[in-house]
Amino acid sequence: QLQLVESGGGLVQAGGSLRLSCAASGSIFSINAMGWYRQAPGKQRELVAHISSGGSTDYADSVKGRFTISRDNAKNTVFLQMNSLKPEDTAVYYCNVLIVRRYSSTTNTYWGQGTQVTVSS
């Protein structure tokens, strides 16, 4: 069984900070890219940040300079440090991880359960 568990969401005032975590566990051989997406009510899910297996990062223009994605390969965990939060950052945040399972030669995409981030003005 393979599981992604997210934590760290919550309610914060504009200008505040939150740190999201997403830990993968189970029958894992290797983890490739990891990322964070978000979905606000009535909107499509969008990519927030992405980190490759080598540590290269990409960010949506709307979060550049405010959010930082990182990963701990030893713990199969990806983080999203969110600073200077704005009300428009309010959304459900999902982690997305590309995993090769043990005894498998294919890479599959797995999603976390989602964590609510609400930024009040």
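This section reports on the structure supplied with the text. Position labels on residues start from 1 in each chain and follow its written sequence. Under the rules for a predicted model, residues below a pLDDT of 70 receive no local features and side-chain atom pairs below 80 are neither given nor counted, while totals for whole chains, interfaces and linings still include all residues. Only hydrogens and water are set aside when side-chain values are computed; all heavy atoms of the structure are taken into account.

## Focus: the overall build of the protein chain
Okay, step 1: Helix and strand content of the protein chain: 0 helices and 11 strands.
Okay, step 2: Beginning at the N terminus, the succession of helices and strands in the protein chain can be written as β-β-β-β-β-β-β-β-β-β-β.
Okay, step 3: The atom set for the radius of gyration is the C-alpha atoms, and the globule formula is 2.2 Å times the number of residues raised to the power 0.38. Relative to the 2.2 N^0.38 estimate, which gives 14 Å for 121 residues, the radius of gyration of the protein chain is 14 Å and therefore close to what a compact globule would have.
Okay, step 4: Each principal axis of the C-alpha atoms in the protein chain carries an extent, and together these give about 50 × 25 × 25 Å.
Okay, step 5: Buried residues are those whose accessible area, probed at 1.4 Å on protein chains only, stays under 20% of the maximum for their type, while exposed residues exceed 50% and partly exposed ones sit between those limits. Looking at the protein chain as a whole, 41% of its 121 residues qualify as buried.
Okay, step 6: Residue-level accessible areas treat just the shown protein chains as cover; the underlying method is Shrake-Rupley with a 1.4 Å probe. Carbon and sulfur atoms make up 46% of the accessible area of the protein chain, which totals about 6,500 Å².
Okay, step 7: In this count, Lys and Arg are taken as positive residues and Asp and Glu as negative ones, while His and the chain termini are left out. Charged side chains are reduced to one point each, which is NZ for Lys, CZ for Arg, CG for Asp and CD for Glu. Charge centroids of the protein chain, computed over 11 positive and 7 negative side chains, lie 6 Å from each other. The secondary structure listing takes helices from DSSP runs of H or I that are at least 4 residues long and strands from runs of E that are at least 2 residues long, numbered from the N terminus.

## Overview of the state of the cysteines
Where two cysteines share a covalent bond between their sulfur atoms, that bond is called a disulfide.
Okay, step 1: We call a pair of cysteine sulfur atoms a disulfide whenever their separation is within 2.5 Å. Counting across every chain of the model gives 1 disulfide.
Okay, step 2: Here Cys-22 connects covalently by a disulfide to Cys-95, the sulfurs 2.0 Å from one another. Note on the Cys-22 and Cys-95 pair: the S-S dihedral is about 45 degrees, so by sign convention the disulfide is right-handed. Highlighted residues: Cys-22 in strand E3 (residues 18-26) and Cys-95 in strand E9 (residues 91-101), separated in sequence by 73 residues. We note that Cys-22, like Cys-95, is buried.

## Focus on the environment of Tyr-94
Okay, step 1: Mapped onto the secondary structure, Tyr-94 falls in strand E9.
Okay, step 2: Taking the C-alpha atoms as reference points, Tyr-94 and Thr-77, 17 residues apart in sequence, are found 13 Å from one another.

## A short note on the packing of aromatic side chains
Okay, step 1: Aromatic pairing here means that ring centres of Phe, Tyr or Trp (its six-membered ring) are within 6.5 Å. Orientation follows from the plane angle: under 30 degrees is stacked, over 60 is edge-to-face, and everything else is tilted. Summed over all chains, the structure comprises 1 aromatic pair.
Okay, step 2: When the ring of Tyr-37 is compared with that of Trp-111, the centres are 5.0 Å apart and the planes differ by 65 degrees; the resulting orientation is edge-to-face. With a gap of 74 residues between them, Tyr-37 in strand E4 (residues 28-39) and Trp-111 in strand E10 (residues 107-111) connect regions that are remote in the sequence.
Okay, step 3: Our definition puts a charge over a ring when NZ of Lys or CZ of Arg is within 6 Å of the ring centre and also within 35 degrees of the ring normal. Of note, Arg-45 hangs over the ring of Tyr-94, and the distance from its end group to the ring centre comes to 3.8 Å.
Okay, step 4: Arg-45 extends its terminal NZ or CZ atom over the ring of Trp-111, reaching a point 4.7 Å from the ring centre.

## Examining the sheet that holds strand E8 (residues 77-82)
For sheets, the rule is that strands pair by backbone hydrogen bonds, running either parallel or antiparallel.
Okay, step 1: At least two DSSP bridges between two strands are needed for those strands to be called paired. Sheet architecture is open: 4 strands sit in the order E1-E3-E8-E7, paired in antiparallel fashion. Lying at the two open borders of the sheet, with one neighbouring strand each, are strand E1 (2-7) and strand E7 (67-72). Strand-to-strand, the axes of this sheet are offset by a mean angle of 15 degrees, without reference to chain direction. Between N-to-C directions, angles span 0 to 180 degrees; the directions come from axes that are lines fitted to C-alpha atoms, helices contributing only their stretch in contact.

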